[in-house]
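In case you want the letters, here they are:
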Amino acid sequence: KAGVTQTPRYLIKTRGQQVTLSCSPISGHRSVSWYQQTPGQGLQFLFEYFSETQRNKGNFPGRFSGRQFSNSRSEMNVSTLELGDSALYLCASSLMPGGGTDTQYFGPGTRLTVL
Amino acid sequence: AQKVTQAQTEISVVEKEDVTLDCVYETRDTTYYLFWYKQPPSGELVFLIRRNSFDEQNEISGRYSWNFQKSTSSFNFTITASQVVDSAVYFCALSEAGAAGNKLTFGGGTRVLVKP
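Cut-offs and rules
Residues numbered from 1 in each chain as written. Chains lettered and ligands numbered in written order. Predicted model: local features only at pLDDT ≥ 70, side-chain atom pairs only at ≥ 80, totals over all residues. Heavy atoms only, no water. Helix = DSSP H or I, 4+ residues; strand = E, 2+ residues; numbered from the N terminus. Rg over C-alpha atoms; globule rule 2.2 N^0.38 Å. Contact = heavy atoms within 4.5 Å. Areas by Shrake-Rupley, 256 points an atom, 1.4 Å probe, with all protein chains shown as cover. Lys, Arg positive; Asp, Glu negative; His and termini not counted. Charge placed at Lys NZ, Arg CZ, Asp CG, Glu CD. Pairing = 2+ DSSP bridges. Axes fitted to C-alpha atoms, helices over the stretch in contact; angles between N-to-C directions. Core = buried A, V, L, I, M, F, W, Y, C linked by side-chain atoms within 4.5 Å. Buried < 20%, exposed > 50% of the residue type's maximum accessible area, 1.4 Å probe, protein only. Polar contact = N/O pair within 3.5 Å; in protein donor to acceptor, adjacent residues only side chain to side chain. Salt bridge = Lys/Arg side-chain N within 4 Å of Asp/Glu carboxyl O. Disulfide = S-S within 2.5 Å. Phe/Tyr/Trp six-rings, centres within 6.5 Å; stacked < 30°, edge-to-face > 60°.

**Here's the deal with the overall build of chain B**
- The helix and strand tally for chain B stands at zero helices and twelve strands.
- Across chain B, helices and strands are ordered from the amino to the carboxyl terminus as β-β-β-β-β-β-β-β-β-β-β-β.
- Relative to the globule expectation of 13 Å for 116 residues, the C-alpha radius of gyration of chain B, 14 Å, shows essentially globular dimensions.
- With respect to the three principal axes, the spread of C-alpha positions in chain B is 45 × 30 × 20 Å.
- When contacts within chain B are restricted to residue pairs at least 6 apart in sequence, long-range pairs at least 24 apart make up 56% of them.
- Here chain B has roughly 5500 Å² of accessible surface; of this, 49% comes from carbon and sulfur atoms.
- Computing the positive centroid from 11 side-chain charges and the negative centroid from 13, chain B places the two 3 Å apart.

**Section: the sheet that holds strand β1 (residues 5–7) of chain A**
All names here are of chain A.
- Sheet architecture is open: four strands sit in the order β1-β3-β8-β7, paired in antiparallel fashion. Bordering the open sheet on either side are β1 and β7 (64–68), each of which pairs with just one other strand. For this sheet the average axis-to-axis angle between neighbouring strands, irrespective of direction, equals 20°.
- Relative to strand β8 (residues 74–78), strand β3 (residues 19–24) is paired through five bridges, and the arrangement is antiparallel. Note that in β8 the partner of Cys23 across the bridge is Ser74.

**Quick word on the nonpolar core**
Residues and elements named next belong to chain B.
- In this structure, Leu21, Trp36, Phe75, Phe77 and Tyr90 are the most contacted members of the largest nonpolar core, which totals 24 residues.
- Those elements giving two or more residues to this core turn out to be β2 (10–14), β3 (19–21), β5 (32–39), β6 (46–52), β8 (64–69), β9 (74–79), β10 (88–96) and β12 (110–115).
- The element best represented in this core is β10, accounting for four residues.
- Sequence-distant contacts of Phe77, that is, excluding residues within four places in its chain, are made with Val19, Thr20, Leu21, Trp36, Leu48, Ile49, Tyr64, Ser65, Trp66 and Tyr90.

**Here we look at the side chain of Ser22(A)**
All names here are of chain A.
- Within the secondary structure, Ser22 sits in strand β3.
- Within the structure, Ser22 has its side chain in polar contact with the side chain of Arg73 (distance 2.9 Å).
- In this structure, Ser22 is in contact with Thr5, Gln6, Thr7, Trp34, Arg73, Ser74 and Glu75, ignoring residues within four places of it in sequence.

**Observations concerning the pattern of salt bridges**
All names here are of chain A.
- Summed over all chains, the structure comprises five salt bridges over all chains.
- Here Asp85 ties to Arg63 by a salt bridge, and the two come within 2.8 Å at their closest N and O atoms. Residue Asp85 is found in the loop between β8 and β9 (87–94), and its partner Arg63 is found in the loop between β6 (53–57) and β7; the two are separated by 22 residues along the sequence. For the pair Asp85 and Arg63, a shared accessibility class is recorded, and that class is buried.
- Salt bridges here are not isolated pairs; linked through shared partners, they connect Arg63, Glu82 and Asp85.

**Digging into the state of the cysteines**
Residues and elements named next belong to chain B.
- In the structure shown here, the tally under the stated rule is two disulfides over all chains.
- The side chain of Cys23 participates in a disulfide bridge whose partner is Cys92; the two sulfur atoms lie 2.0 Å from each other. The sign of the -65° torsion about the S-S bond sets the Cys23-Cys92 disulfide as left-handed. Residue Cys23 is located in the loop between β3 and β4 (24–26), and its partner Cys92 is located in strand β10; the two are separated by 69 residues in the primary sequence.
- You can call Cys92 buried: its relative accessible area is 0%.

**Comments concerning the packing of aromatic side chains**
- The tally for this structure, following the rule as stated, stands at 19 aromatic pairs over all chains.
- Each ring, one from Tyr105(A) and one from Phe47(B), has its centre 5.8 Å from the other, and the planes form 70°; the classification is edge-to-face. Taken together, the residues span two chains, with Tyr105(A) in strand β10 (residues 105–106) and Phe47(B) in strand β6.
- Taking 5.9 Å as the distance between ring centres and 65° as the angle between the ring planes, the aromatic pair formed by Tyr37(B) and Phe47(B) counts as edge-to-face. Taken as a pair, Tyr37(B) in strand β5 and Phe47(B) in strand β6 lie far apart in primary sequence, ten residues in all.
- Classification of Phe47(B) as partly exposed rests on a relative accessible area of 24%.
- Linked through ring pairs, Tyr35(A), Phe45(A), Tyr105(A), Phe106(A), Phe35(B), Tyr37(B), Phe47(B), Phe91(B) and Phe106(B) together constitute an aromatic cluster.

As structure tokens, then:
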């Protein structure tokens, strides 16, 4: 069974631009979560989607948004990029949401560099 | 609010030595889940083990074992007979059953370097 896939793997943008990252979950998984990893803040939860609805959101500004499609694929968007948005963005999928009852499996990440 | 602390930032060992990674957590929930993930240089987080708060039985899985103690809020992880391929950053994580969805709270990570 294929794992979680994320595209693109690497991205370079300039300040003020916007970016869209894509995540395809493991087949059959319906919950998709996004995390940001930076050297200074570590791994931080962005948001989670299930059945095309956002179920949970971390403490990030409104410039960070996401959505989920009917096939469970998810996208996250960052508008008006700032230098501090440079990070590894990780997507994780699980069968269902549910407060940790399902293990989350992670993709390889998208490394975003903002110049 | 939940919190996970990994006090060790980096551990260096010689191959075949055992490595124990410490993890201390804070949560107000009575039902929660604890995880260990491994992040090799490629960047992908690899799931290793998971434990439910209502099951304190410690287990061994291959070269991995863990020691879960609710009384001290600790969830330590041991790699026995380490190998060079074990070199990676290891993260401890917590998920609360009472929270909506699957939010994971991670510790800061422990970098393990296994020298040949």
